[in-house]
Amino acid sequence: MRILFDIKFLGKGSTTGVFSYTKELVSWLLAHTDHQLRFFYNGFNLNPLPKAWTDNSNVSLLDWGIPNKLLHLSTRMLEWPSLDTQHDLDLIYSPNFHLLAQTKIPRVITVHDLSFLNYPKFFSVKDRLWHWWEQIPQQLRQATHLTTVSQYTKADLISRLGIPAEKISVIYPGISEEFRPLPPADPALNAVHKKYSLEQPFILYLGTVEPRKNVSLLIKAFALLKQKPQFSQYQLVIAGKHGYQS
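A brief look at the structure comes next. (Residues numbered from 1 in each chain as written. Predicted model: local features only at pLDDT ≥ 70, side-chain atom pairs only at ≥ 80, totals over all residues. Heavy atoms only, no water.)

**Some details on the layout of surface pockets**
Here is step 1 of the chain: In this structure, the second largest pocket spans a volume of roughly 640 Å³.
Here is step 2 of the chain: Looking at the lining of the second largest pocket, the elements with two or more residues in it are α8 (187–195), β8 (202–206) and β9 (235–239).
Here is step 3 of the chain: Of the residues contributing to the lining of the second largest pocket, the split by class is twelve nonpolar, two polar and two charged. (1 Å grid on protein atoms, 1.4 Å probe; cavity = no way out; pocket = protein on both sides within 12 Å on 5 of 7 lines; lining within 4 Å. Points joined across faces, edges and corners; volume = space filled by probe spheres on them. Helix = DSSP H or I, 4+ residues; strand = E, 2+ residues; numbered from the N terminus. Nonpolar A, V, L, I, M, F, W, Y, C, P; charged D, E, K, R; others polar.)

**Considering the nonpolar core**
Here is step 1 of the chain: Of all hydrophobic cores here, the largest spans 21 residues; its most connected members are Phe-5, Ile-7, Leu-10, Phe-39 and Trp-53.
Here is step 2 of the chain: When residues of this core are traced back to their parent elements, those giving at least two are β1 (2–6), α1 (17–32), β2 (36–40) and β4 (91–94).
Here is step 3 of the chain: Among the elements that make up this core, the one with the highest residue count is α1 (six residues).
Here is step 4 of the chain: Counting 14 residues, the second largest nonpolar core, distinct from the first, contains Leu-114, Leu-146, Leu-157 and Ile-163. (Core = buried A, V, L, I, M, F, W, Y, C linked by side-chain atoms within 4.5 Å. Buried < 20%, exposed > 50% of the residue type's maximum accessible area, 1.4 Å probe, protein only.)

**What about the pairing of β1?**
Here is step 1 of the chain: Taken across its five residues, β1 has four buried, putting it largely inside the fold.
Here is step 2 of the chain: Pairing of β1 with β4 involves three bridges; the strand directions are parallel. When the bridges of β4 are listed, Leu-4 appears paired with Ile-92. (Pairing = 2+ DSSP bridges.)

**Some points on the environment of Lys-241**
Here is step 1 of the chain: As for its placement among the helices and strands, Lys-241 is situated in the segment after β9.
Here is step 2 of the chain: In contact with Lys-241, other than residues within four places in its own chain, are Thr-16, Gly-207, Thr-208 and Val-209. (Contact = heavy atoms within 4.5 Å.)

**Topic: the packing of aromatic side chains**
Here is step 1 of the chain: A complete count under the given rule lists eight aromatic pairs for this structure.
Here is step 2 of the chain: Aromatic side chains Phe-5 and Tyr-93 sit 5.0 Å apart centroid to centroid with 80 degrees between the ring planes, which places their arrangement in the edge-to-face category. Taken together, the residues Phe-5 in strand β1 and Tyr-93 in strand β4 connect sequence positions 88 residues apart.
Here is step 3 of the chain: Taking the centre distance of 5.3 Å and the plane angle of 70 degrees together, the rings of Phe-97 and Phe-116 count as edge-to-face. Here Phe-116 lies in helix α4 (residues 115–118) and Phe-97 lies in the loop between β4 and β5 (107–111), a separation of 19 residues in the sequence.
Here is step 4 of the chain: Given the relative accessible area of 9%, Phe-116 is considered buried.
Here is step 5 of the chain: Clustering of aromatic rings is evident, with ring pairs tying together Phe-5, Phe-39, Trp-53 and Tyr-93.
Here is step 6 of the chain: Taking NZ or CZ as reference, Arg-76 lies 5.1 Å from the ring centre of Trp-132, over its face.
Here is step 7 of the chain: Positioned above the aromatic ring of Trp-133 is the side chain of Arg-76, whose terminal nitrogen or guanidinium carbon lies 4.9 Å from the ring centre. (Phe/Tyr/Trp six-rings, centres within 6.5 Å; stacked < 30°, edge-to-face > 60°. Lys NZ or Arg CZ within 6 Å of the ring centre and 35° of its normal.)

**Things to note about the pairing of β2**
Here is step 1 of the chain: Where burial is concerned, most of β2 is hidden: four out of the five residues are buried.
Here is step 2 of the chain: Inspection of the sheet shows β1 paired to β2 by five bridges, in the parallel sense. Note that in β2 the partner of Phe-5 across the bridge is Phe-39.
Here is step 3 of the chain: In this region the chain leaves β1, passes through α1 and returns to the parallel neighbour β2; the handedness of that crossover is right-handed.
Here is step 4 of the chain: Sheet topology note: the β2/strand β3 (residues 59–62) ladder contains four bridges and is parallel. Bridging across to β3, Arg-38 finds its partner in Ser-60. (Right-handed = clockwise from strand over helix to strand, strands pointing away.)

**Notes on a nonpolar patch on the surface**
Here is step 1 of the chain: Where nonpolar side chains cluster on the molecular surface, the patch consists of Leu-70, Leu-73, Met-77, Leu-78 and Trp-80 and spans about 570 Å² of accessible area.
Here is step 2 of the chain: Within the fold, Trp-80 resides in the loop between α3 (68–78) and β4.
Here is step 3 of the chain: We classify Trp-80 as exposed; its relative accessible area is 53%. (Patch = residues over 30% accessible without salt bridge, like charges linked within 9 Å, V, L, I, M, F, W, Y side chains within 5 Å. Areas by Shrake-Rupley, 256 points an atom, 1.4 Å probe, with all protein chains shown as cover. Salt bridge = Lys/Arg side-chain N within 4 Å of Asp/Glu carboxyl O.)

Right, here's the structure in full:
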């Protein structure tokens, strides 16, 4: 199968959950399938892609050389340029909702959550305008199929946007092989303990620090947990960049 894989946002070098999800999915597909992947990696000053990707014989790149802000403006206002010019494609895949012109080529979109619709107060005015500008509900209704990472979000898509249940597949994210127990004497483990003054045992939160992640409730729950004798020695470690209203 010849798949156009929309990875424009990887050029920002972010390390968000969707970034990691996309990176791991690409790596898995290249290692375990023979699908032909054409990366839609458009924009200026893009970070270089991993050499293992670009050297793969099943990979090609599509870069129109248009700044993404201009591309989004043209797509939104003119429905141009269209990916229908890529006549040899079987499928377009978007690991998150990103604005693309309506196309006759089947398109699959992964939906991680609808928090921007359910809890708009957790997003800045700029982000809310951007979500409106991207016409996300229209994109999701026009897509051939949707995948999502939880039964909750599938139910949300059905009740909130009226998406038919048969158009949605729940596919749970996997776990990268780098997440594994290390021996207590491992040098990397000891270096991290020393750098951050960590004492074991601890509970780790990893994610953007902002109200929509409900870190405040995590802290309250941890305070209750600490009251139990078997957890009295635990620490709570919060790691992640600061987000909106952090």
